[in-house]
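Letter by letter, the chains look like this.
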Amino acid sequence: MKRSALALAAALALAGCSTDNGSDQPAATKKTEVVIATHDSWNAPKGLIKKFERESGYQVTILPSGDAGELTNKLVLTKGSPIADGVYGVDNTFASRAIDENVFAIYHSGVLPEGEFDLEEGSEFLTPVDQSDVCVNIDDEWFAREKLAPPATLEDLADPKYKDLFVTPGAATSSPGLAFLLATIGEYGDQWSDYWTRLMDNGAKLAADWEDAYYVDFTQGGGDGARPIVLSYASSPPFTIPKGEKRPTTSALLDTCFRQVEYAGVLDDASNPEGARAFIDFLVSRQFQEALPDNMYVFPVDPEAQLPELWAAWAKPSPEPIDVDPADIAEHRAEWLTEWSDLTSR
């Protein structure tokens, strides 16, 4: 009913340019500002945004809104009176919740062909923009120096020889932390809680977010970290290549990965849905897709987008990421998080 009323109003506004008595009426004014809610890791090149603004006539306002979980919560709490016109950064661990809560208007960009990153259910509401594999990373230099064979699997992290060496952001406070929890659920099924008990007994440390885990606790994070095993991304190693060198000092364990896909959508009841649709088309344009790796450290979803040279050499996605059915995530997310919080707080 609401969309029908809006459509009627739009039709009347257009018809108002010429009336039956021939009097001239002012044409409807195009709304130029388009507000896009994003997660806090948004970091697009300013020059590309300016180019979009020049070519489209829209002025972009970016509204950082926390990580993927916080962003989704805000969208749900403000549905009917949305905080923005469009959104970028809701990922496959939270997309089903936002769709079920009727947060989005129907729109799926036609710039990219349908592909492997589309949602199984709800693709008409969201357009995939980027993908990244959340994986355990290791400090290769530390393990070489200590003459200790590095871990390779999730099971290895619970081995006593790696006691007190692993740090991960918490699943309840971090999107990559939740992805790691899902990886363990996909790997261990109903026994995942037993695995987490063994992991915590082996001295795993929980950080509030990825930044703390990587930059504070990880030995290659640039600080005084003491843990040479960290949860990060398959795309992290190229950023640890020392100046003047050609090889990274870290590597990703590709048998531990869970694939995150980030989406963009138009918010229902947005004040500028046309601008939001144009911006989503821009996000999946070839130029923006090729800017993603060096600016937001994620892989493009456009299969034809060219990767930076170092990414092509050292940022390898997992050939077989651990999978969890999106329907199971939607049904059990809250339950899993509650159980995880209980057992990690003991």
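Owing to the predicted nature of the structure, the values given are computational and were not obtained by experimental measurement.

**Structural notes on helix α12 (residues 326-344)**
Each α-helix turn comprises 3.6 residues. Residues three or four places apart therefore point the same way.
Logical step 1: Where α12 bends most, the angle comes to about 65°, and this point is H332.
Logical step 2: Listing the buried residues of α12 in full gives I329, R333, W336, L337, W340, L343 and T344.
Logical step 3: Elements in contact with the buried residues of α12: α4 (95-100), α6 (175-188), α7 (192-201), β6 (205-207) and β9 (258-266).
Logical step 4: N-cap assignment for α12: the residue whose side-chain oxygen lies 2.8 Å from the backbone N of A327 is D325.

**Quick look at α7**
Logical step 1: Among the residues making up α7, those that are buried are W192, S193, Y195, W196 and L199. For α7, the buried positions fall inside an angular range of 155° around the axis, keeping them on one side.
Logical step 2: Structurally, α7 contributes buried residues whose contacts are with β5 (166-169), α6, β6 and α12.
Logical step 3: Looking one or two residues beyond α7, the residue adopting positive phi is G203, at roughly 90°.

**Some words on the packing of aromatic side chains**
Logical step 1: Tallied over the entire structure, the rule returns 21 aromatic pairs.
Logical step 2: Between W42 and F288 the ring centres are 6.1 Å apart and the planes differ by 20°, which places this aromatic pair in the stacked class. In this pair, W42 sits in the loop between β1 (33-38) and α2 (46-56) while F288 sits in helix α10 (residues 286-296), placing the two residues 246 residues apart along the sequence.
Logical step 3: A relative accessible area of 2% places F288 in the buried class.

**Some details on a negative patch on the surface**
Logical step 1: Together, D100, E120, E121, D323, D325, D328, E331, E335, E339 and D342 make up a negatively charged patch on the protein surface.
Logical step 2: Counting residues per element, the negative patch draws most heavily on α12, which supplies five residues.
Logical step 3: Here D342 is to be found in helix α12.
Logical step 4: Residue D342 is classed as partly exposed on the basis of its relative accessible area, which comes to 46%.

**With respect to the pattern of salt bridges**
Logical step 1: Summed over all chains, the structure comprises seven salt bridges.
Logical step 2: K50 is the salt-bridge partner of E53, the closest N and O atoms lying 3.8 Å from each other. Of this pair, E53 and K50 are both found in helix α2, three residues apart, which corresponds to roughly one turn of the helix.
Logical step 3: Taking the shortest distance from any N to any O, the salt bridge between R198 and E155 comes out at 2.8 Å. With R198 in helix α7 and E155 in the loop between α5 (140-145) and β5, this pair connects stretches of sequence that are 43 residues apart.

**Points about the environment of Y162**
Logical step 1: Within the secondary structure, Y162 sits in the loop between α5 and β5.
Logical step 2: On the accessibility criterion, Y162 (3% relative accessible area) is buried.
Logical step 3: A sequence separation of 66 residues divides Y162 from P228, and the C-alpha atoms of the two residues are 9.6 Å apart.
Logical step 4: Apart from the residues within four sequence positions on either side, Y162 is in contact with F143, L148, A149, P150, P151, D156, N202 and I229.

**A closer look at the environment of A208**
Logical step 1: Along the chain, A208 turns up in the loop between β6 and α8 (210-217).
Logical step 2: The spatial distance from the C-alpha of A208 to the C-alpha of S132 is 20 Å, given a sequence separation of 76 residues.
Logical step 3: Look past the residues within four positions of A208 in its chain and what remains in contact with it is T173 and S174.

**Brief notes about the pairing of strand β2 (residues 59-64)**
Logical step 1: The pairing of β1 with β2 spans six bridges and is classified as parallel. The residue bridging V34 from the neighbouring strand is V60, located in β2.
Logical step 2: As a crossover connection, the stretch from β1 through α2 into β2 is right-handed.

**A few points about the side chain of D139**
Logical step 1: Among the structural elements, D139 can be located in strand β4 (residues 127-139).
Logical step 2: No salt bridge is formed by the buried D139, whose closest oppositely charged neighbour, R145, lies at an N-O distance of 5.1 Å.
Logical step 3: A polar contact of 3.1 Å, which involves the side chain of D139, links it to the backbone nitrogen of E141.
Logical step 4: Within the structure, D139 has its side chain in polar contact with the side chain of Q220 (distance 3.2 Å).
Logical step 5: Sequence-distant contacts of D139, that is, excluding residues within four places in its chain, are made with F218, T219, Q220, P228, T249 and T250.

**Examining the state of the cysteines**
Logical step 1: The tally for this structure, following the rule as stated, stands at one disulfide.
Logical step 2: Between C135 and C257 runs a disulfide, and the two sulfur atoms are separated by 2.0 Å. Residues C135 and C257 share a disulfide whose torsion about the S-S bond is about 110°; that sign makes it right-handed. Of the two residues, C135 sits in strand β4 while C257 sits in the loop between β8 (250-252) and β9, which places them 122 residues apart along the sequence.
Logical step 3: With a relative accessible area of 0%, C257 lands in the buried category.

Calculation rules
Residues numbered from 1 in each chain as written. Predicted model: local features only at pLDDT ≥ 70, side-chain atom pairs only at ≥ 80, totals over all residues. Heavy atoms only, no water. Bend = angle between axes of the 7 residues up to and from the residue. Helix = DSSP H or I, 4+ residues; strand = E, 2+ residues; numbered from the N terminus. Buried < 20%, exposed > 50% of the residue type's maximum accessible area, 1.4 Å probe, protein only. Contact = heavy atoms within 4.5 Å. Polar contact = N/O pair within 3.5 Å; in protein donor to acceptor, adjacent residues only side chain to side chain. Arc of directions from axis to C-beta. Phe/Tyr/Trp six-rings, centres within 6.5 Å; stacked < 30°, edge-to-face > 60°. Patch = residues over 30% accessible without salt bridge, like charges linked within 9 Å, V, L, I, M, F, W, Y side chains within 5 Å. Areas by Shrake-Rupley, 256 points an atom, 1.4 Å probe, with all protein chains shown as cover. Salt bridge = Lys/Arg side-chain N within 4 Å of Asp/Glu carboxyl O. Lys, Arg positive; Asp, Glu negative; His and termini not counted. Charge placed at Lys NZ, Arg CZ, Asp CG, Glu CD. Pairing = 2+ DSSP bridges. Right-handed = clockwise from strand over helix to strand, strands pointing away. Disulfide = S-S within 2.5 Å.

These values are about where atoms sit, not about what they do.
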